[in-house]
Amino acid sequence: MAPQDRASQIQTQLAGHRPEVLCAFESIPKIEGMPAGCAWKHYVTDKTKVDNLGRLNLLTPEVVKRAASEEIRTGIRVQLDWSLDNVQFPGFRRKGLTQEIISKSNKETGWIGCDDEIHFNTQCGSQWDGFRHVGHRATGNYYGGVQHSEITEKKTLQDGIDAWCSAGGIASRAVLLDWVRWHTLTRPSVPLPSPVERHEIPHTELIEVAKYQGVDFRPGDILVVRSGFVKWHNEASTDERRKGTFERATYLGVRADEDAVKWLWNNHFAAVAGDAVSWEAWPPKGSVCLHEWFLPMWGCPIGEMWDLETLAKTCEQMKRWSFFLTSAPLRVPGGVGSTRKLVFLILEVEKCCSVVDFFFLVGCDKQMLLLSSSV
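### Digging into the overall build of the protein chain
Logical step 1: On a plain count of helices and strands, the protein chain comes out with 11 helices and 13 strands.
Logical step 2: Buried residues in the protein chain amount to 53% of all 375 residues.
Logical step 3: In the protein chain, the share of contacts with a sequence separation of at least 24, taken over all contacts with a separation of at least 6, comes to 81%.
Logical step 4: With an accessible surface of roughly 17700 Å², the protein chain has 52% of that area assigned to carbon and sulfur atoms.

Given below as C-alpha coordinates:
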(Lines give C-alpha, C1' and ligand atoms only; values in the text may rest on other atoms or scores of the structure.)
Protein backbone atom coordinates (compact mmCIF):
# COMPACT_ATOMS: atom_id res chain seq x y z
CA MET A 1 0.00 0.00 0.00
CA ALA A 2 1.34 3.41 -0.98
CA PRO A 3 2.22 5.76 1.94
CA GLN A 4 -0.47 8.26 0.93
CA ASP A 5 -3.09 5.49 0.77
CA ARG A 6 -2.05 4.20 4.19
CA ALA A 7 -2.26 7.72 5.60
CA SER A 8 -5.76 8.10 4.17
CA GLN A 9 -6.79 4.74 5.67
CA ILE A 10 -5.51 5.74 9.11
CA GLN A 11 -7.31 9.08 8.92
CA THR A 12 -10.56 7.34 7.97
CA GLN A 13 -10.17 4.90 10.86
CA LEU A 14 -9.55 7.71 13.36
CA ALA A 15 -12.71 9.53 12.21
CA GLY A 16 -12.05 12.55 14.38
CA HIS A 17 -10.70 10.57 17.34
CA ARG A 18 -7.38 11.25 18.99
CA PRO A 19 -5.11 8.25 18.23
CA GLU A 20 -4.70 7.40 21.92
CA VAL A 21 -8.49 7.02 22.30
CA LEU A 22 -8.43 4.02 19.95
CA CYS A 23 -5.65 2.28 21.84
CA ALA A 24 -5.56 -1.46 22.44
CA PHE A 25 -6.95 -2.80 25.72
CA GLU A 26 -3.47 -3.34 27.15
CA SER A 27 -2.59 0.32 26.54
CA ILE A 28 -5.46 1.90 28.49
CA PRO A 29 -3.88 4.31 31.03
CA LYS A 30 -4.05 3.01 34.60
CA ILE A 31 -6.62 4.50 36.97
CA GLU A 32 -5.44 4.44 40.57
CA GLY A 33 -7.48 2.10 42.72
CA MET A 34 -9.19 0.43 39.76
CA PRO A 35 -8.36 -2.73 37.78
CA ALA A 36 -6.38 -2.43 34.57
CA GLY A 37 -8.70 -1.59 31.69
CA CYS A 38 -10.76 1.05 33.52
CA ALA A 39 -11.34 3.91 31.06
CA TRP A 40 -12.47 6.86 33.17
CA LYS A 41 -11.49 10.19 31.56
CA HIS A 42 -10.05 8.24 28.62
CA TYR A 43 -12.17 9.97 26.00
CA VAL A 44 -11.85 13.60 27.10
CA THR A 45 -8.90 15.98 26.85
CA ASP A 46 -9.78 18.07 29.92
CA LYS A 47 -9.31 15.59 32.77
CA THR A 48 -10.76 18.06 35.29
CA LYS A 49 -14.23 17.83 33.77
CA VAL A 50 -16.85 15.23 34.59
CA ASP A 51 -17.41 12.75 31.76
CA ASN A 52 -20.98 11.46 31.62
CA LEU A 53 -20.76 9.99 28.12
CA GLY A 54 -18.12 7.26 28.26
CA ARG A 55 -18.01 5.33 24.98
CA LEU A 56 -20.58 7.69 23.47
CA ASN A 57 -17.67 10.12 23.12
CA LEU A 58 -16.74 7.95 20.14
CA LEU A 59 -19.70 9.44 18.27
CA THR A 60 -17.72 12.26 16.71
CA PRO A 61 -19.25 14.42 13.95
CA GLU A 62 -17.08 12.53 11.49
CA VAL A 63 -18.45 9.16 12.67
CA VAL A 64 -22.05 10.30 12.47
CA LYS A 65 -21.62 12.06 9.12
CA ARG A 66 -20.01 9.03 7.52
CA ALA A 67 -22.63 6.67 8.93
CA ALA A 68 -25.47 8.87 7.69
CA SER A 69 -23.97 9.39 4.24
CA GLU A 70 -23.29 5.69 3.70
CA GLU A 71 -26.30 4.08 5.39
CA ILE A 72 -29.31 6.37 4.94
CA ARG A 73 -31.55 6.03 1.87
CA THR A 74 -35.37 6.08 1.62
CA GLY A 75 -38.14 3.56 2.09
CA ILE A 76 -39.75 1.23 4.63
CA ARG A 77 -39.99 1.83 8.39
CA VAL A 78 -39.74 -0.89 11.02
CA GLN A 79 -40.24 -0.43 14.76
CA LEU A 80 -37.70 -2.13 17.00
CA ASP A 81 -39.08 -1.73 20.50
CA TRP A 82 -41.86 -3.71 22.09
CA SER A 83 -45.01 -2.20 23.46
CA LEU A 84 -44.36 -1.22 27.09
CA ASP A 85 -46.74 -3.97 28.26
CA ASN A 86 -45.34 -6.66 25.98
CA VAL A 87 -43.20 -8.57 28.50
CA GLN A 88 -45.95 -10.49 30.24
CA PHE A 89 -43.85 -11.27 33.31
CA PRO A 90 -40.94 -8.77 33.61
CA GLY A 91 -37.70 -10.40 34.71
CA PHE A 92 -36.23 -10.10 38.19
CA ARG A 93 -39.80 -9.44 39.47
CA ARG A 94 -39.79 -5.85 38.28
CA LYS A 95 -42.92 -3.76 38.06
CA GLY A 96 -44.64 -3.80 34.69
CA LEU A 97 -46.69 -1.11 33.02
CA THR A 98 -49.81 0.33 34.64
CA GLN A 99 -51.88 3.04 33.00
CA GLU A 100 -54.61 5.28 34.37
CA ILE A 101 -56.89 7.15 31.98
CA ILE A 102 -57.95 10.51 33.44
CA SER A 103 -61.03 12.20 32.04
CA LYS A 104 -60.61 15.93 31.34
CA SER A 105 -64.15 16.48 30.10
CA ASN A 106 -66.09 19.58 31.14
CA LYS A 107 -69.88 19.50 30.85
CA GLU A 108 -70.16 23.30 31.17
CA THR A 109 -67.90 24.05 28.22
CA GLY A 110 -68.63 20.89 26.28
CA TRP A 111 -64.92 20.14 26.13
CA ILE A 112 -64.06 16.44 26.04
CA GLY A 113 -60.62 14.92 26.38
CA CYS A 114 -58.34 12.68 28.38
CA ASP A 115 -54.91 12.55 30.02
CA ASP A 116 -53.15 9.42 31.12
CA GLU A 117 -50.61 8.56 33.79
CA ILE A 118 -48.27 5.62 33.35
CA HIS A 119 -46.03 3.87 35.86
CA PHE A 120 -43.37 1.32 34.99
CA ASN A 121 -39.84 0.15 35.71
CA THR A 122 -37.48 1.29 32.95
CA GLN A 123 -36.03 -2.24 32.94
CA CYS A 124 -39.34 -3.99 32.26
CA GLY A 125 -39.07 -4.06 28.45
CA SER A 126 -37.00 -2.72 25.57
CA GLN A 127 -34.41 -0.55 27.26
CA TRP A 128 -31.04 1.12 27.61
CA ASP A 129 -28.97 0.38 30.71
CA GLY A 130 -27.41 3.63 31.91
CA PHE A 131 -24.19 3.99 33.87
CA ARG A 132 -26.04 4.05 37.21
CA HIS A 133 -27.61 0.64 36.65
CA VAL A 134 -24.62 -1.47 37.76
CA GLY A 135 -21.60 -0.57 39.87
CA HIS A 136 -18.22 -2.25 40.22
CA ARG A 137 -18.58 -4.71 43.08
CA ALA A 138 -14.94 -4.90 44.15
CA THR A 139 -14.52 -1.13 44.57
CA GLY A 140 -18.08 0.13 44.96
CA ASN A 141 -17.58 2.60 42.12
CA TYR A 142 -19.88 3.58 39.32
CA TYR A 143 -18.50 5.17 36.13
CA GLY A 144 -16.10 7.99 36.91
CA GLY A 145 -15.75 7.03 40.57
CA VAL A 146 -19.29 7.85 41.71
CA GLN A 147 -20.18 5.99 44.91
CA HIS A 148 -23.47 4.22 45.56
CA SER A 149 -24.29 6.51 48.47
CA GLU A 150 -23.76 9.56 46.28
CA ILE A 151 -26.58 8.34 44.06
CA THR A 152 -28.97 7.10 46.72
CA GLU A 153 -28.31 9.70 49.46
CA LYS A 154 -26.64 12.80 48.04
CA LYS A 155 -28.77 12.88 44.91
CA THR A 156 -25.91 13.64 42.55
CA LEU A 157 -26.90 13.78 38.90
CA GLN A 158 -23.54 12.48 37.66
CA ASP A 159 -23.77 9.46 35.36
CA GLY A 160 -27.43 10.24 34.67
CA ILE A 161 -28.79 8.97 31.39
CA ASP A 162 -30.10 12.46 30.60
CA ALA A 163 -26.51 13.45 29.76
CA TRP A 164 -26.83 11.37 26.59
CA CYS A 165 -29.74 13.56 25.51
CA SER A 166 -27.88 16.76 26.34
CA ALA A 167 -25.08 15.60 24.04
CA GLY A 168 -27.48 15.10 21.15
CA GLY A 169 -28.58 11.53 21.75
CA ILE A 170 -27.16 8.42 20.13
CA ALA A 171 -26.56 8.44 16.38
CA SER A 172 -24.22 6.08 14.57
CA ARG A 173 -23.79 3.15 12.26
CA ALA A 174 -25.03 -0.09 13.78
CA VAL A 175 -24.35 -3.69 12.79
CA LEU A 176 -26.76 -6.57 13.38
CA LEU A 177 -25.12 -9.92 14.10
CA ASP A 178 -27.94 -12.41 13.60
CA TRP A 179 -26.61 -15.28 15.70
CA VAL A 180 -29.95 -17.12 15.50
CA ARG A 181 -29.83 -17.16 11.69
CA TRP A 182 -26.15 -18.15 11.64
CA HIS A 183 -26.72 -21.00 14.12
CA THR A 184 -29.74 -22.28 12.19
CA LEU A 185 -28.01 -22.24 8.81
CA THR A 186 -24.58 -23.50 9.82
CA ARG A 187 -25.66 -26.03 12.47
CA PRO A 188 -28.91 -27.48 11.11
CA SER A 189 -28.63 -30.62 13.25
CA VAL A 190 -27.99 -28.73 16.50
CA PRO A 191 -31.10 -27.45 18.33
CA LEU A 192 -31.14 -23.73 19.03
CA PRO A 193 -30.47 -23.17 22.77
CA SER A 194 -33.34 -21.86 24.85
CA PRO A 195 -33.05 -18.10 25.56
CA VAL A 196 -34.36 -18.68 29.10
CA GLU A 197 -31.67 -21.19 30.03
CA ARG A 198 -28.10 -20.17 30.74
CA HIS A 199 -26.14 -20.64 27.51
CA GLU A 200 -22.96 -18.79 26.61
CA ILE A 201 -22.28 -17.40 23.14
CA PRO A 202 -18.47 -17.13 22.79
CA HIS A 203 -17.25 -13.91 21.21
CA THR A 204 -15.55 -16.12 18.61
CA GLU A 205 -19.00 -17.10 17.36
CA LEU A 206 -19.87 -13.42 16.97
CA ILE A 207 -16.74 -13.09 14.84
CA GLU A 208 -17.95 -16.03 12.74
CA VAL A 209 -21.39 -14.45 12.34
CA ALA A 210 -19.78 -11.23 11.13
CA LYS A 211 -17.71 -13.18 8.58
CA TYR A 212 -20.76 -15.16 7.48
CA GLN A 213 -22.72 -11.96 6.89
CA GLY A 214 -19.76 -10.17 5.31
CA VAL A 215 -19.73 -7.24 7.73
CA ASP A 216 -16.87 -5.44 9.42
CA PHE A 217 -16.69 -3.03 12.34
CA ARG A 218 -15.62 0.60 12.67
CA PRO A 219 -14.91 2.72 15.76
CA GLY A 220 -18.17 4.18 17.05
CA ASP A 221 -20.36 1.35 15.75
CA ILE A 222 -23.26 0.01 17.80
CA LEU A 223 -23.09 -3.78 18.07
CA VAL A 224 -26.54 -5.43 17.95
CA VAL A 225 -26.84 -9.17 18.60
CA ARG A 226 -29.93 -11.27 17.90
CA SER A 227 -29.93 -14.32 20.15
CA GLY A 228 -33.59 -15.37 20.12
CA PHE A 229 -35.34 -14.14 23.28
CA VAL A 230 -37.99 -12.05 21.53
CA LYS A 231 -38.72 -14.89 19.10
CA TRP A 232 -39.10 -17.27 22.06
CA HIS A 233 -41.37 -14.88 23.97
CA ASN A 234 -43.59 -14.30 20.93
CA GLU A 235 -44.11 -18.04 20.53
CA ALA A 236 -44.25 -19.08 24.21
CA SER A 237 -47.42 -19.87 26.17
CA THR A 238 -48.40 -17.92 29.27
CA ASP A 239 -47.13 -20.74 31.50
CA GLU A 240 -43.82 -20.91 29.61
CA ARG A 241 -43.38 -17.17 29.95
CA ARG A 242 -44.10 -17.26 33.67
CA LYS A 243 -41.56 -20.02 34.26
CA GLY A 244 -38.99 -18.50 31.93
CA THR A 245 -38.98 -14.87 33.04
CA PHE A 246 -40.68 -14.68 36.44
CA GLU A 247 -39.95 -17.86 38.38
CA ARG A 248 -36.28 -17.97 37.47
CA ALA A 249 -33.58 -15.67 36.10
CA THR A 250 -31.32 -17.67 33.80
CA TYR A 251 -30.71 -16.34 30.30
CA LEU A 252 -28.75 -16.98 27.15
CA GLY A 253 -26.19 -14.35 26.24
CA VAL A 254 -22.62 -13.52 25.31
CA ARG A 255 -19.92 -15.36 27.27
CA ALA A 256 -18.09 -13.14 29.77
CA ASP A 257 -14.37 -13.86 29.75
CA GLU A 258 -11.14 -11.90 29.41
CA ASP A 259 -10.86 -12.55 25.68
CA ALA A 260 -14.37 -11.21 25.11
CA VAL A 261 -13.57 -8.09 27.16
CA LYS A 262 -10.49 -7.37 25.04
CA TRP A 263 -12.35 -8.03 21.78
CA LEU A 264 -15.20 -5.73 22.76
CA TRP A 265 -12.80 -2.96 23.74
CA ASN A 266 -10.51 -3.32 20.74
CA ASN A 267 -13.42 -2.95 18.31
CA HIS A 268 -14.29 0.38 19.98
CA PHE A 269 -18.07 -0.04 19.95
CA ALA A 270 -19.93 3.04 21.20
CA ALA A 271 -22.70 0.82 22.61
CA VAL A 272 -23.94 -2.77 22.53
CA ALA A 273 -27.50 -4.02 22.28
CA GLY A 274 -29.60 -7.08 21.52
CA ASP A 275 -32.84 -8.94 22.10
CA ALA A 276 -31.54 -10.87 25.13
CA VAL A 277 -32.72 -10.04 28.64
CA SER A 278 -29.22 -9.37 29.99
CA TRP A 279 -27.03 -9.26 26.82
CA GLU A 280 -24.46 -11.48 28.55
CA ALA A 281 -25.21 -15.00 29.79
CA TRP A 282 -26.95 -14.71 33.17
CA PRO A 283 -26.21 -15.12 35.99
CA PRO A 284 -22.50 -14.28 35.69
CA LYS A 285 -20.04 -17.05 36.54
CA GLY A 286 -16.42 -16.62 37.46
CA SER A 287 -14.66 -13.32 37.98
CA VAL A 288 -15.74 -11.58 34.75
CA CYS A 289 -19.06 -9.78 34.41
CA LEU A 290 -19.58 -7.81 31.19
CA HIS A 291 -22.05 -5.44 32.86
CA GLU A 292 -19.25 -4.38 35.21
CA TRP A 293 -16.95 -3.69 32.27
CA PHE A 294 -19.49 -1.93 30.10
CA LEU A 295 -21.15 0.36 32.65
CA PRO A 296 -18.83 1.32 35.56
CA MET A 297 -15.49 0.67 33.83
CA TRP A 298 -16.03 1.96 30.28
CA GLY A 299 -19.29 3.90 30.28
CA CYS A 300 -20.74 1.79 27.46
CA PRO A 301 -24.57 1.71 27.15
CA ILE A 302 -26.25 -1.69 26.98
CA GLY A 303 -29.49 -2.15 25.04
CA GLU A 304 -31.63 -5.13 26.04
CA MET A 305 -34.84 -6.82 24.89
CA TRP A 306 -34.91 -5.00 21.56
CA ASP A 307 -37.42 -6.45 19.09
CA LEU A 308 -35.17 -7.49 16.21
CA GLU A 309 -37.50 -9.95 14.46
CA THR A 310 -38.71 -7.77 11.59
CA LEU A 311 -35.29 -6.17 11.26
CA ALA A 312 -33.66 -9.61 10.93
CA LYS A 313 -36.06 -10.63 8.17
CA THR A 314 -35.52 -7.36 6.34
CA CYS A 315 -31.74 -7.57 6.60
CA GLU A 316 -31.82 -11.14 5.30
CA GLN A 317 -33.95 -10.12 2.33
CA MET A 318 -31.60 -7.26 1.49
CA LYS A 319 -28.41 -9.14 2.35
CA ARG A 320 -27.24 -6.12 4.33
CA TRP A 321 -26.71 -6.01 8.07
CA SER A 322 -25.52 -2.44 8.72
CA PHE A 323 -27.77 0.57 9.25
CA PHE A 324 -27.99 4.05 10.74
CA LEU A 325 -29.36 4.15 14.27
CA THR A 326 -30.46 7.11 16.33
CA SER A 327 -31.90 7.11 19.83
CA ALA A 328 -32.86 9.70 22.43
CA PRO A 329 -33.53 8.12 25.84
CA LEU A 330 -35.96 9.43 28.44
CA ARG A 331 -34.63 12.79 29.58
CA VAL A 332 -34.96 12.20 33.31
CA PRO A 333 -32.28 14.05 35.35
CA GLY A 334 -30.07 11.42 36.96
CA GLY A 335 -31.95 8.63 35.16
CA VAL A 336 -30.75 5.06 35.67
CA GLY A 337 -32.22 3.49 32.54
CA SER A 338 -34.60 4.27 29.74
CA THR A 339 -37.27 2.67 27.64
CA ARG A 340 -36.93 2.89 23.87
CA LYS A 341 -39.93 4.26 22.10
CA LEU A 342 -40.09 5.04 18.37
CA VAL A 343 -37.78 3.45 15.84
CA PHE A 344 -37.86 3.84 12.07
CA LEU A 345 -36.04 1.74 9.53
CA ILE A 346 -35.58 3.41 6.16
CA LEU A 347 -34.79 0.93 3.40
CA GLU A 348 -33.54 1.82 -0.03
CA VAL A 349 -36.14 2.00 -2.82
CA GLU A 350 -34.15 4.15 -5.22
CA LYS A 351 -30.58 3.87 -6.47
CA CYS A 352 -29.23 6.77 -4.46
CA CYS A 353 -30.13 10.15 -3.06
CA SER A 354 -27.74 13.02 -2.55
CA VAL A 355 -29.82 14.84 0.04
CA VAL A 356 -31.52 13.05 2.93
CA ASP A 357 -33.94 14.74 5.28
CA PHE A 358 -34.93 13.05 8.50
CA PHE A 359 -36.63 14.27 11.63
CA PHE A 360 -37.39 13.37 15.23
CA LEU A 361 -40.99 12.96 16.27
CA VAL A 362 -42.11 15.08 19.21
CA GLY A 363 -42.06 13.06 22.42
CA CYS A 364 -40.00 12.10 25.44
CA ASP A 365 -38.19 9.25 23.71
CA LYS A 366 -37.48 9.26 20.04
CA GLN A 367 -35.61 6.82 17.84
CA MET A 368 -34.99 6.45 14.16
CA LEU A 369 -33.25 3.62 12.37
CA LEU A 370 -32.24 3.95 8.73
CA LEU A 371 -30.71 1.26 6.57
CA SER A 372 -29.52 1.09 2.98
CA SER A 373 -29.08 -1.84 0.65
CA SER A 374 -26.29 -2.38 -1.81
CA VAL A 375 -26.29 -0.35 -5.01
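Having seen the structure, we can now continue with the description.
### Digging into the packing of helix H9 (residues 258–266) against helix H10 (residues 290–298)
Logical step 1: Contact geometry for H9 and H10: axes closest at 10 Å, N-to-C directions at 40°. Of the possible angle classes, the one that applies to H9 and H10 is oblique. The way H9 lies across H10 gives a crossing that is right-handed. Judged by residue contacts, Val261, Leu264 and Trp265 of H9 engage Leu290, Trp293, Phe294 and Trp298 from H10.
Logical step 2: Residues that form the contact of H9 with H10 fall into these classes: 7 nonpolar, no polar and no charged.

### Remarks on the packing of aromatic side chains
Logical step 1: Tallied over the full model, the rule gives 14 aromatic pairs.
Logical step 2: Geometrically, the ring pair formed by phenylalanine 131 and tyrosine 143 is tilted, given 5.4 Å between the ring centres and 55° between the ring planes. One end of the pair, phenylalanine 131, is in the loop between strand E3 (127–129) and helix H3 (148–152); the other, tyrosine 143, is in the loop between E3 and H3, with 12 residues separating them in the sequence. You'll find phenylalanine 131 and tyrosine 143 in the same group, each marked buried.
Logical step 3: For the cation-ring pair, arginine 55 lies above tryptophan 298, with the distance from its terminal atom to the ring centre recorded as 5.3 Å.

### Some remarks on the nonpolar core
Logical step 1: Within the largest apolar cluster, 72 residues are counted, with the highest numbers of intra-cluster contacts made by Leu223, Trp279, Phe294 and Trp298.
Logical step 2: Counting residues per element, this core draws most heavily on H10, at 6 residues.
Logical step 3: In terms of nonpolar packing, the next biggest core, distinct from the first, is built from 11 residues, Trp82, Val230, Ala236 and Trp282 among them.

### A few points about unusual backbone geometry
Logical step 1: A cis amide bond links tryptophan 282 with the next residue in sequence, proline 283, at an omega value of 5°.
Logical step 2: With respect to the helices and strands, proline 283 occurs in the loop between strand E8 (271–274) and H10.
Logical step 3: Positive phi, close to 65°, is recorded for lysine 41, a residue that is not glycine.
Logical step 4: With respect to the helices, strands and loops of the structure, lysine 41 is situated in the loop between helix H1 (3–14) and helix H2 (61–71).

### A look at a negative patch on the surface
Logical step 1: Residues Glu100, Asp115, Asp116 and Glu117 make up a contiguous surface patch of negative charge.
Logical step 2: At 3 residues, the largest contribution of residues to the negative patch is made by strand E2 (residues 114–119).
Logical step 3: Inspection of the secondary structure assignment puts glutamate 117 in strand E2.

### Section: helix H8 (residues 238–246)
Logical step 1: Turning to H8, its buried residues are Arg241, Gly244 and Thr245. Looking straight down H8, one finds its buried side chains confined to an arc of 80°; they lie on one side.
Logical step 2: Turning to H8, the residues buried within the fold contact helix H7 (229–235).

### Quick look at the pattern of salt bridges
Logical step 1: In total, this model carries 18 salt bridges according to the counting rule given.
Logical step 2: The shortest N-O distance in the salt bridge between arginine 320 and glutamate 71 comes to 2.7 Å. Remark: glutamate 71 occurs in helix H2 and arginine 320 occurs in the loop between helix H11 (309–318) and strand E10 (322–328); sequence separation between them is 249 residues.
Logical step 3: Judged by its relative accessible area of 18%, arginine 320 is buried.
Logical step 4: Look at glutamate 71 and you get buried, because its relative accessible area is 1%.
Logical step 5: The residue aspartate 221 makes a salt bridge to arginine 173 at a minimum N-O spacing of 2.6 Å. Of this pair, aspartate 221 sits in the loop between helix H6 (203–213) and strand E6 (222–226) while arginine 173 sits in strand E4 (residues 170–178), and the two are 48 residues apart along the sequence. Residues aspartate 221 and arginine 173 agree in their burial class; the two are buried.
Logical step 6: Three or more residues joined by partner-sharing salt bridges are found here, namely Glu71, Arg173, Asp216, Asp221 and Arg320.

### Re the confidence of the model for the protein chain
Logical step 1: Here the protein chain averages 82 in pLDDT, and 80% of its residues register 70 or above.
Logical step 2: This stretch, residues 3–10, has a pLDDT under 50; its non-local contacts, to residues over four places away or in other chains, come to 2 contacts.

### Thoughts on the environment of glycine 140
Logical step 1: Here glycine 140 lies in the loop between E3 and H3.
Logical step 2: The spacing of glycine 140 and proline 296 is 156 residues in sequence and 9.5 Å in space, taken between C-alpha atoms.

### What about the pairing of E6?
Logical step 1: Among the 5 residues in E6, 5 count as buried, and that is most of the element.
Logical step 2: Every second residue of E6 is oriented toward a common face, with Ile222, Val224 and Arg226 on one face and Leu223 and Val225 on the other, all of them buried.
Logical step 3: Here E4 pairs with E6 via 5 bridges, running parallel. Pairing of leucine 177 across the sheet is with valine 225, part of E6.
Logical step 4: Relative to E8, E6 runs parallel, the two sharing 4 bridges. Opposite leucine 223, over in E8, you have valine 272 as the bridge partner.

About the criteria used
- Residues numbered from 1 in each chain as written.
- Predicted model: local features only at pLDDT ≥ 70, side-chain atom pairs only at ≥ 80, totals over all residues.
- Heavy atoms only, no water.
- Helix = DSSP H or I, 4+ residues; strand = E, 2+ residues; numbered from the N terminus.
- Buried < 20%, exposed > 50% of the residue type's maximum accessible area, 1.4 Å probe, protein only.
- Contact = heavy atoms within 4.5 Å.
- Areas by Shrake-Rupley, 256 points an atom, 1.4 Å probe, with all protein chains shown as cover.
- Axes fitted to C-alpha atoms, helices over the stretch in contact; angles between N-to-C directions.
- Parallel < 35°, antiparallel > 145°, perpendicular 65-115°, else oblique.
- Left-handed = near helix turned anticlockwise from the far one by under 90°.
- Nonpolar A, V, L, I, M, F, W, Y, C, P; charged D, E, K, R; others polar.
- Phe/Tyr/Trp six-rings, centres within 6.5 Å; stacked < 30°, edge-to-face > 60°.
- Lys NZ or Arg CZ within 6 Å of the ring centre and 35° of its normal.
- Core = buried A, V, L, I, M, F, W, Y, C linked by side-chain atoms within 4.5 Å.
- Patch = residues over 30% accessible without salt bridge, like charges linked within 9 Å, V, L, I, M, F, W, Y side chains within 5 Å.
- Salt bridge = Lys/Arg side-chain N within 4 Å of Asp/Glu carboxyl O.
- Lys, Arg positive; Asp, Glu negative; His and termini not counted.
- Charge placed at Lys NZ, Arg CZ, Asp CG, Glu CD.
- Arc of directions from axis to C-beta.
- pLDDT = per-residue confidence, 0-100.
- Pairing = 2+ DSSP bridges.

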